[in-house]
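As a plain string of letters, each chain reads:
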Amino acid sequence: MDPILSHLRARQSEIVALIRAMVECESPSDDAAAVNRFVGLVSDTVAPFASVKTFPGGRFGQHLVCEMALPGSKKNGRVLALGHSDTVWPMGTLRSMPFREAEGRLWGPGVLDMKSGIAFFIFAVRALRELEIPVAKQVLLQLNSDEEVGSESSRALTEKNAGRSKAVLVLEPGTGLTGKLKTARKAVGRYGLVVHGKASHSGVDFEAGASAVIEMARQIGVIAGLTNMKRGTTVNVGVISGGTRSNVVAAEARAEIDVRVLRQKDAVALEKKLRKLRTIDRRCKLEVTGGLNRPPMERSPGIVHLFQMAQKLGRELGVQLEESLTGGGSDGNFTAALGVPTLDGLGAVGEGAHAVNESILADRIADRTTLIAKLLAAV
Ligand SMILES: [Zn+2]
């Protein structure tokens, strides 16, 4: 058996104990103090073999950057391991969703997305140290505190650290119960549409009114028509509101729109179409806000090369790794858009991210951790 794999198999219970400690340290994005407690837990765990720095996250918790001390003499170039410390789960979720081990899985808020991935990376580094496997590159771990809410305060730091890296390894969970790696992610955009109409009494003065609700209904038809499944473009009008009373012609209506696009040029074209929406009732006015939040992670030759390297290393472990495309964004979108080869989905294998069945497969802990270790040594 692969020596790293057998080393890590023997440490399964230690890895599980760290995952448990991490899950039980809740860290919702909007609770900076809680996220900082989690950042403290990670810092303390890696402190014996890393130099640790924190960066202010504004209204969010601190971002964490750790440089790992690894075997091998002179370091040439850098590899960035990327993750996030925040979760979507509010404080107190543990009461209804406690950490537990059952049915061959570990369960709990944030276990899949993405606390296990962080634990895997830490044990991968420890294995490389304990087995004295040389690593040619400087290895940084960066954990952002605001990934689940758009990465507004961490984006610049991510881009700075990625810009000087040979590769970025994203510790987000794999896809599905086979743990496919992610070689492409769609761009994510969030838009708002406000329709300004003209209010009037629906009984006395109906024709004097210009209904923002009717106009919005027509615009939704136009916007929904921008979806193009063939090109991987989806436009979802997810939230609408408008009007005040049934006997008032509505003066205002609002919509929130989520956009996912595979290619940057499609994102630009779609943005143009949204900005150019025209009223059907000329008495109404349209106001479009928002924009692209994350660029697409396009499947570049550098990404394919990195994936093939992972596939080869996986075969040495008896694991057949596949690749996947996802509509969900991550901080890997930013690093890939800089042209830095980025391989995503290297974290846990499981299901139920952001859902009550969030869980990871216990018998995939050792091979995923080994894969990360082997990639760090091979890149
Ligand atoms: Zn995540």
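What you see is a predicted model, and the numbers here were worked out from it, not measured in a lab.

Re the pairing of strand S13 (residues 252-261)
Consecutive side chains of a regular strand alternate in pointing toward one face of the sheet and then the other.
Move 1: Here 10 bridges tie strand S9 (residues 187-196) to S13, and the two strands are oriented antiparallel to one another. Residue pairing in the sheet places Gly-192 in a bridge with Glu-256 of S13.
Move 2: Alignment of strand S11 (residues 234-242) against S13, held across 8 bridges, turns out to be antiparallel. Residue Gly-242 lies in a different strand from S13, and its bridge partner there is Ala-253.

Examining the packing of helix H2 (residues 12-23) against helix H11 (residues 365-378)
Move 1: Between H2 and H11, the least distance of the axes is 10 Å, while the angle of their chain directions is 85°. Taken together, H2 and H11 sit at an angle that is classed as roughly perpendicular. For the pair H2 and H11, the contacting residues are Gln-12, Ile-15, Val-16 and Ile-19 in the first and Ile-365, Ala-366 and Thr-369 in the second.
Move 2: Of the residues that constitute the contact of H2 with H11, the class distribution is 5 nonpolar, 2 polar and no charged.

A short note on the nonpolar core
Move 1: Counting 66 residues, the largest nonpolar core has Ile-19, Met-68 and Phe-121 as its most contacted members.
Move 2: Per element, the largest residue contribution to this core is 13 residues, and it comes from helix H5 (residues 111-130).
Move 3: The residues touching Ile-19, leaving out its near neighbours within four places in the chain, are Phe-99, Leu-106, Val-111, Ser-116, Ala-119, Phe-120, Ile-360 and Ile-365.
Move 4: Ranked by size, the runner-up nonpolar core spans 20 residues in total, among them Tyr-191, Met-216, Ala-253 and Val-261.

Considerations on the coordination of the zinc ion
Move 1: The protein atoms that coordinate the zinc ion are His-84 (NE2), Asp-113 (OD), Glu-172 (OE) and Glu-172 (OE), at distances of 1.9 to 2.7 Å.
Move 2: In this structure, the zinc ion is coordinated by 4 donor atoms arranged in irregular fashion, with angles at the metal of 53 to 145°.
Move 3: Each donor residue of the zinc ion belongs to the same chain, with the gaps between them written as H-x28-D-x58-E. You can see His-84 sitting in strand S3 (residues 78-84) and its partner Asp-113 sitting in helix H5, a full 29 residues away along the chain.
Move 4: In this structure His-84 comes out as buried when scored by relative accessible area, which is 1%.
Move 5: On the accessibility criterion, Asp-113 (8% relative accessible area) is buried.

Remarks on the packing of aromatic side chains
Move 1: This model, assessed by the stated rule, comprises 0 aromatic pairs.
Move 2: In this structure, Arg-100 is placed above the aromatic ring of Trp-107, and the distance from its NZ or CZ to the ring centre is 4.6 Å.
Move 3: Seen from the ring of Phe-38, Lys-115 lies directly overhead, with NZ or CZ sitting 4.5 Å from the centre.

Comments concerning the sheet that holds strand S1 (residues 50-57)
Move 1: The strand order across the open sheet built from 6 strands is S1-S2-S6-S3-S7-S16, with neighbouring strands paired in mixed fashion. Taken across any chain shown, the strands that pair with only one partner, and hence form the sheet edges, are S1 and strand S16 (342-343).
Move 2: In the sheet, strand S7 (residues 167-170) pairs with S16 via 2 bridges, with the strands oriented parallel. In the strand pairing of S16, Val-168 is matched with Thr-342.
Move 3: Contacting S1, strand S2 (60-68), S3, strand S6 (138-144) and S7, helix H6 (residues 155-163) runs over the sheet at an angle of about 155° to S3.

Focus: the pairing of S6
Move 1: Within S6, 7 of the 7 residues are buried, which leaves the element mostly enclosed by the surrounding structure.
Move 2: Of the two faces of S6, both are covered, the one formed by Gln-138, Leu-140, Gln-142 and Asn-144 as well as the one formed by Val-139, Leu-141 and Leu-143.
Move 3: The pairing of S2 with S6 spans 4 bridges and is antiparallel. Directly across from Leu-64, in S6, lies its bridge partner Leu-143.
Move 4: Taken together, the 7 bridges between S3 and S6 define a ladder with parallel strand orientation. Bridging from a neighbouring strand, Leu-82 pairs with Gln-142 of S6.

Details of the sheet that holds strand S14 (residues 285-294)
Move 1: The antiparallel open sheet is built from 4 strands, whose spatial order is S11-S13-S9-S14. Edge positions in the open sheet fall to S11 and S14, since each of these has one partner strand only. Direction aside, the axes of adjacent strands within the sheet are offset by 15° on average.
Move 2: Of the strands in this sheet, S9, S11, S13 and S14 are in contact with helix H8 (residues 264-275), which crosses S14 at around 165°.

Quick notes on the rules
- Residues numbered from 1 in each chain as written.
- Predicted model: local features only at pLDDT ≥ 70, side-chain atom pairs only at ≥ 80, totals over all residues.
- Heavy atoms only, no water.
- Pairing = 2+ DSSP bridges.
- Helix = DSSP H or I, 4+ residues; strand = E, 2+ residues; numbered from the N terminus.
- Axes fitted to C-alpha atoms, helices over the stretch in contact; angles between N-to-C directions.
- Parallel < 35°, antiparallel > 145°, perpendicular 65-115°, else oblique.
- Contact = heavy atoms within 4.5 Å.
- Nonpolar A, V, L, I, M, F, W, Y, C, P; charged D, E, K, R; others polar.
- Core = buried A, V, L, I, M, F, W, Y, C linked by side-chain atoms within 4.5 Å.
- Buried < 20%, exposed > 50% of the residue type's maximum accessible area, 1.4 Å probe, protein only.
- Donors = N, O, S within 2.8 Å, 3.2 Å for Na, K, Ca; no water.
- Tetrahedral: all angles 85-135°; square planar, octahedral: opposite > 155°, others 65-115°.
- Phe/Tyr/Trp six-rings, centres within 6.5 Å; stacked < 30°, edge-to-face > 60°.
- Lys NZ or Arg CZ within 6 Å of the ring centre and 35° of its normal.

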